[in-house]
Every structure is written in structure tokens, then in C-alpha cells.
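Notes for the structure review
Below are the chains, spelled out letter by letter.
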Amino acid sequence: MMIANTVAKWRPREKPLKKFVVASAFLALGSAMETAAILDKDVRNEVKTWKDPMVVMFEVLPNGPYMVLEKRNGRLRYLGMNKMPADLAISFKTLEGAFLVMSAQIGTPQSYAEHRATLKGDVSAAMSLIRCLNIVQGYLFPKIISKRVLKRVPPMNLTKHAIRAVIYALGVPYGLRRL
Amino acid sequence: MVPIPSYYEFQNPVKVIAGKVAVDNVAYELDQLGAKRPLVITDKGVVAAGLLQVVVDGFAGSEVAIGAIFEDTPPDSSNHVVNAVAKMFREAGCDSIVAVGGGSVLDTAKAVNILAAEGGDDLLQYMGAEILKKPLKPFIAIPTTAGTGSEVTLAAIIANPDKNIKMAFTSARLYPNVAILDPRMTLTMPPKITAATGMDALTHAVEAYSCKQKNPLSDAYATAAIAMIRDYLPRAVADGSDKDARFAMANASLLAGVSFSNAMVGVVHSLAHAVGGVCHVPHGVGNAIFLPIGMEYNMDVVADIYAELLLPLAGPDVYLATPPERRAQKSVDTIKALNRELNRLSGLPLTLKDAGVPKGKLEDCAKAAINDGSHTFNPKELEYNDALSLIRKAYE
């Protein structure tokens with residue numbers, strides 16, 4: 001009887017579209033965070049409590065995409081999509097898990113409950129980051145999506161609508177400079 | 001219809017040895033794990049109660065010999081203590097850990113195990129969730145309270161006195177290899193500690209059943225724990241020599257531990273951790289005070305889940321006699337009644353004021369609460385004003 005090892009025939013399938021969606025969402029999120037840290041009082045106050053300098057990285061295991069934020073000299077900047085050592089790292093275990101979150105199929109609270117990501121670093125700093133992310137997601141998503149992915153939708157007023165407009169018109173496009 | 005989550009994870013790798021003279025298996029179990037020279041971690045209370053001697057007796061005639069004993073674990077263990085004990089582990093040439101004590105001892109042992117395996121002398125660099133990569137040293141947990149359930153959980157909470165917070169470490173690597181429940185180990189707990197640790201176990205089970213990570217497996221453990229606590233906690237508090245009640249509570253605590261280790265906890269634990277870190281309120285006391293308040297806070301989101309809990313909380317007669325639309329509130333009322341009963345039997349504090357929390361510290365507690373990771377899994381969002389309002393409600 002012939003026994004054949006067929007491993008050479010098999011390769012994992014690439015998922016370029018999902019990778020693109022996650023990378024784009026990371027870019028939007030990073031740029032929006034940078035803008036919100038200037039314009040939104042609550043995000044500004046949260047970032048003030050972070051140590052300085054501090055690097056925050058979102059990553060998708062095993063090899064990206066990545067999103068890096070840095071607080072330096074009091075200012076939060078989106079640094080782009082290159083992996084670097086981080087004080088706080090949120091690592092999605094799989095591309096599929098990251099895609100569920102970044103395409104707003106499940107919210108970040110649900111993603112934690114489903115063990116989709118690991119956290120390296122100070123939990124209290126992570127909680128502050130999560131509060132910022134909740135606010136920024138409130139800006140990025142229309143209410144119909146926010147209601148599904150967030151436990152509480154941040155209330156919007158005229159000022160916040162204006163911030164949203166700035167994030168979309170200027171903040172996110174400005175983030176493209178990091179490509 | 002029971003909802004099934006679209007995705008969940010569940011682990012329970014701990015071997016449980018429970019019952020008469022169970023502690024005498026400790027040397028055998030270490031040998032099975034390939035260990036020869038354990039570090040025993042405990043505290044002065046356990047030593048004074050004669051429980052350490054019971055454990056040491058288990059090594060008689062064995063090739064496994066205790067390499068070192070640390071007796072001075074404080075009630076709120078800190079990263080400084082952990083670093084020092086890890087140094088003891090290395091200097092004594094130990095290859096395994098046996099923890100004999102309550103939550104602080106068990107959590108200290110888990111944290112020591114991190115440093116023993118990963119190396120280094122700074123626990124802070126290992127903070128986080130699911131990031132430990134190396135297998136840890138063989139570890140046997142022998143709880144002497146009932147309890148934190150730490151003998152079957154993947155979490156360790158260690159105080160950081162420099163930052164005035166409680167640090168959380170969660171990893172599947174932190175599970176003990178073996179948990180030993182021996183009826184002798186909890187017989188000497190004073191009534192107030194019995195009550196507080198029992199309420200800690202109840203809070204674990206209730207929050208695990210109602211938080212975002214709940215799943216059918218954790219639910220089964222949670223409801224079993226709640227029913228056991230309903231029947232045995234007042235008995236154990238009223239008569240500490242009731243061995244059946246003591247052993248049942250040890251089992252209930254373990255069941256609740258498995259449940260919350262796989263479903264996490266919520267707002268009640270965030271608040272309890274906060275008042276524990278800022279004002280040193282014992283963890284079980286904080287949970288007892290905040291459990292009904294946290295449930296009322298979450299009521300508009302998970303009333304249906306709290307209604308289901310009335311069955312294990314109060315029994316089938318009360319459950320059937322209560323109209324469905326009132327069962328959720330009845331669950332809260334049942335817990336309030338239990339708190340009052342435990343207060344009568346043991347002096348368990350009913351308010352933060354009774355627990356010695358200074359009024360001027362409430363804002364600090366609220367800040368600490370929102371920075372605690374537990375409420376991530378709470379069904380309802382918790383912001384600073386919410387936390388402050390709940391803490392004020394619990395004050396008097």
C-alpha cells in the first residue's frame with residue numbers, strides 16, 4: 001500500500017481583501033485618534049493621564065497589519081503601520097478575529113469576551129485607551145452601527161458633529177501621509 | 001430558550017482532589033508532576049491555625065522534600081512581596097510551588113510562578129491578558145478559605161502600592177496543576193471571614209452568569225455554586241464546626257471559580273477592587289456590599305438573566321411563587337436578605353461606612369473602579385459618574 005505525504009500540495013489561502021479592510025480600519029482609527037486627542041476634551045483628558053512617552057500598538061498576529069500611536073511631549077500622534085516595541089500592545093490572535101471587529105460585525109466589548117485579542121501592558125492604561133476608542137468609534141460610525149458595537153453610544157451634539165466632520169475631512173486623509 | 005453565544009472559550013485543566021484527608025496527597029501529586037523540591041507559600045494565620053503542620057505532615061517519608069517555606073504573605077500581597085519570594089524560590093533551588101491559604105496567598109503564588117518560569121525580577125513587565133508564553137512550574141493550590149476560587153482560575157490580582165491599584169494578570173498558564181480541597185483546611189475560619197469569602201464566591205457566580213463572556217459551560221458551574229451557597233453559607237457562618245457545610249462551601253467556591261474564570265466578572269468586582277486597592281476593604285466585604293447595588297445598576301440590561309437566577313438563589317418554591325416580572329428584583333432582594341442575615345450572624349459590614357471607608361476617598365475609588373479591567377465584561381458601560389454614584393449609594 002502506498003502512503004503519500006501530500007503536505008506540499010496544500011497552502012493556507014491568503015485573504016487580501018480582509019487584510020485590506022483591517023489595514024484601512026487601522027489607518028482610520030489611528031488618524032481619528034490623533035485628531036480626537038486634539039479636538040475632543042474627554043480624549044484629551046484621558047491621554048493626559050498616560051505616561052510620556054508611551055507607545056501603543058494594535059497588531060494582527062502573526063504578521064500584521066499594525067497600527068502604532070505614540071504619546072510624546074504631551075501630544076498623541078499616529079505613527080503608521082510599522083511594527084515597533086510598545087508599552088501597550090493589543091494583539092488580535094487571527095486576521096479573522098480582527099476582521100470581525102474592524103468591520104463592525106462585533107464590538108470591542110464582545111471581542112474581549114470572545115478572547116479575540118491579548119493585551120500586554122498596564123491594564124489601567126488599557127482601560128483609558130478603551131474609553132478613548134469608544135469615543136472615537138462614536139465619531140467614526142453612524143449611530144446605527146455604534147449601537148451594535150458599543151455598550152453605550154457617546155452622546156452627540158453640534159460640537160461633536162463638527163469634530164466628526166474634521167475627522168473625516170482632514171484627520172483620516174492626513175493619516176494617509178504615513179503610508 | 002437558552003441563548004448560545006456565537007463563539008466562546010472554556011478551560012478547566014485543574015485536577016481537583018477533594019474530601020477526607022485530601023491534603024495528604026500533596027507529596028504524591030508533586031511526584032506525579034516530576035517535582036522534588038517545592039516552595040511552600042502561606043501566611044501567619046494559616047500557621048497559627050495549625051494548617052501548615054497538616055500540609056507538612058503530608059511529606060512524611062516522601063522523596064519530595066520541602067525546599068523553602070514563606071510564611072509572611074500579607075492580606076494584600078504586592079509586587080514587592082512577589083519579587084522577594086521569587087528570589088527565595090531561586091536561592092533555595094526549588095522546582096515547584098505549593099500554596100496554602102486564601103486568595104492573597106494563592107495569587108501571590110501564581111505571580112511568583114510567573115517570575116520563577118519567565119525569569120527576571122520585575123513582575124510589572126508581565127502585566128496583561130494572555131501574554132505568558134512559557135509553561136510555569138508545577139503548582140498545587142490548597143485553599144483555606146471558601147473563597148476566591150483562585151485554585152481553579154487563570155487570574156492573579158496583585159496590589160501595586162506605588163500606584164495604589166490592583167494589577168491583573170490573566171493567562172491559561174496560571175492555572176494550578178492540582179487543587180486540593182480538604183475539609184480540615186477551612187474549619188478554623190472565623191464567622192466574619194466565612195461570610196465575606198462566601199459572598200465573594202456568590203458574586204463570582206452571579207457575575208459570571210450575567211456578564212458578556214457567559215457560555216453554557218460556565219453557566220452550569222455558576223448555578224450549581226449559587227444553589228450550594230444558598231444552602232450552606234448561613235450554616236457555615238452560624239456554626240464553623242459544621243464540617244458538611246464547610247466542605248460544601250469549599251466546593252461552591254471552586255465551582256464559582258471555574259465559572260468566573262471562564263466568563264469573567266463585571267461592575268461589582270471593579271468597584272470591590274477599587275475600594276480594596278484605595279481603602280483596603282477586604283475583597284469579600286466589598287463584593288457583598290456592591291453585589292445588590294451592581295445588580296440594580298445592570299437591571300435595565302439583564303433583568304431576564306437575573307430573573308433566571310432566582311431559582312438557584314432562593315429555591316424552587318420562591319421561584320414558582322414569584323410572578324415572572326418580579327423575579328429579577330426578587331433575586332436582588334434575596335441577596336440583600338442574605339447580607340442582612342450574615343451581618344446578624346457575623347457582623348459582616350453592610351455599607352462602605354461600616355467597612356471603614358473614609359468619605360473623602362469616594363472619588364479616588366471611582367477613578368480606580370473605571371480603570372479596573374473587570375467591568376470590560378459587564379453588560380452595561382461604566383463611566384466615572386456611574387461609578388461614583390454607585391459608590392455613594394453603597395456608602396451608607
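Residues numbered from 1 in each chain as written. Chains lettered and ligands numbered in written order. Predicted model: local features only at pLDDT ≥ 70, side-chain atom pairs only at ≥ 80, totals over all residues.

**Observations concerning unusual backbone geometry**
Pro 53 of chain A follows Asp 52 of chain A through a cis peptide bond whose omega is 0°. Looking at the secondary structure, you find Pro 53 of chain A in the loop between helix 2 (41-48) and strand 1 (54-60). In this model, Met 264 of chain B sits at a positive phi of 65°, which is unusual for a non-glycine residue. Structurally, Met 264 of chain B is set in the loop between helix 8 (243-263) and helix 9 (267-279). Classification of Met 264 of chain B by C-beta neighbours within 10 Å gives buried; the count is 26. (Helix = DSSP H or I, 4+ residues; strand = E, 2+ residues; numbered from the N terminus. Buried ≥ 20, exposed ≤ 12 C-beta atoms within 10 Å, placed from the backbone.)

**Some details on helix 7 (residues 158-175) of chain A**
Residues and elements named next belong to chain A. Here helix 7 contains 18 residues, and its C-alpha end-to-end distance of 24 Å stays within 8% of the 26 Å for a straight helix at 1.5 Å per residue. Of all the bends in helix 7, the largest measures some 45° and sits at Ile 167. Within helix 7, the full set of buried residues consists of Ile 163, Arg 164, Ile 167, Gly 171, Val 172 and Gly 175. Where helix 7 is buried, its residues meet helix 1 (16-39), strand 3 (75-80) and helix 5 (123-140). (Expected span 1.5 Å × (residues − 1). Bend = angle between axes of the 7 residues up to and from the residue. Contact = placed C-beta atoms within 7 Å.)

**Details of the interface of chain A and chain B**
How big an interface is tends to be reported as the loss of accessible area on association of its parts. Counting residues at the interface gives 18 residues for chain A and 20 residues for chain B. Those elements that provide at least two residues to the side of chain A that touches chain B are helix 4 (108-113), strand 5 (117-120) and helix 5 of chain A. Per-element tally for the side of chain A that touches chain B: the top contributor is helix 5 of chain A, with five residues. Classifying every residue of the side of chain A that touches chain B by side-chain character gives seven nonpolar, six polar and five charged. Pairing between strand 5 of chain A and strand 5 (residues 128-129) of chain B: two bridges, direction antiparallel. (Nonpolar A, V, L, I, M, F, W, Y, C, P; charged D, E, K, R; others polar. Pairing = 2+ DSSP bridges.)

**Brief notes about the nonpolar core**
Residues and elements named next belong to chain B. Membership of the largest hydrophobic core comes to 190 residues, with the highest contact counts inside it found for Val 112, Ala 225, Ala 252 and Leu 271. Looking at this core, the element that brings in the most residues is helix 10 (residues 283-314), giving 14 residues. Taken domain by domain, the makeup of this core includes at least three residues from each of domain 1 (15-185) and domain 2 (189-395). (Core = buried A, V, L, I, M, F, W, Y, C linked by C-beta atoms within 7 Å. Domains from an automatic or database assignment.)

**Re the pairing of strand 9 (residues 178-181) of chain B**
Across a regular strand the side chains alternate sides, sitting on one face of the sheet and then on the other. Residues and elements named next belong to chain B. Burial along strand 9 is two-sided: the residues Val 178 and Ile 180 and Ala 179 and Leu 181 are all buried. With four bridges joining them, strand 1 (residues 15-18) and strand 9 adopt parallel strand pairing. In the strand pairing of strand 9, Ala 18 is matched with Leu 181.

**A few points about the domain arrangement of chain B**
Residues and elements named next belong to chain B. When its domains are assigned, chain B resolves into domain 1 (15-185) and domain 2 (189-395). Domain 1 and domain 2 are separated by 25 Å when their C-alpha centres are compared. Each partner contributes residues to the interface: domain 1 has 24 residues there, and domain 2 has 30 residues. Elements with a minimum of two residues in the side of domain 1 that touches domain 2: strand 1, strand 7 (155-160), strand 8 (165-170) and strand 9. If one sorts the elements of the side of domain 1 that touches domain 2 by residue count, strand 8 sits on top with three residues.

**Concerning the packing of helix 7 (residues 216-238) of chain B against helix 8 of chain B**
Residues and elements named next belong to chain B. As a packed pair, helix 7 and helix 8 sit with axes 8 Å apart at the nearest point and diverge in direction by 150°. Put simply, helix 7 runs roughly antiparallel to helix 8. Of the two possible hands of crossing, helix 7 and helix 8 adopt the one that is left-handed. Residues Leu 217, Ser 218, Tyr 221, Ala 222, Ala 224, Ala 225, Met 228, Ile 229, Tyr 232, Leu 233, Arg 235 and Ala 236 of helix 7 form the contact with helix 8, whose own contacting residues are Ala 245, Arg 246, Ala 248, Met 249, Asn 251, Ala 252, Leu 255, Ala 256, Val 258, Ser 259, Asn 262 and Ala 263. Among the residues making up the contact of helix 7 with helix 8, the classes are represented as 18 nonpolar, four polar and two charged. (Axes fitted to C-alpha atoms, helices over the stretch in contact; angles between N-to-C directions. Parallel < 35°, antiparallel > 145°, perpendicular 65-115°, else oblique. Left-handed = near helix turned anticlockwise from the far one by under 90°.)

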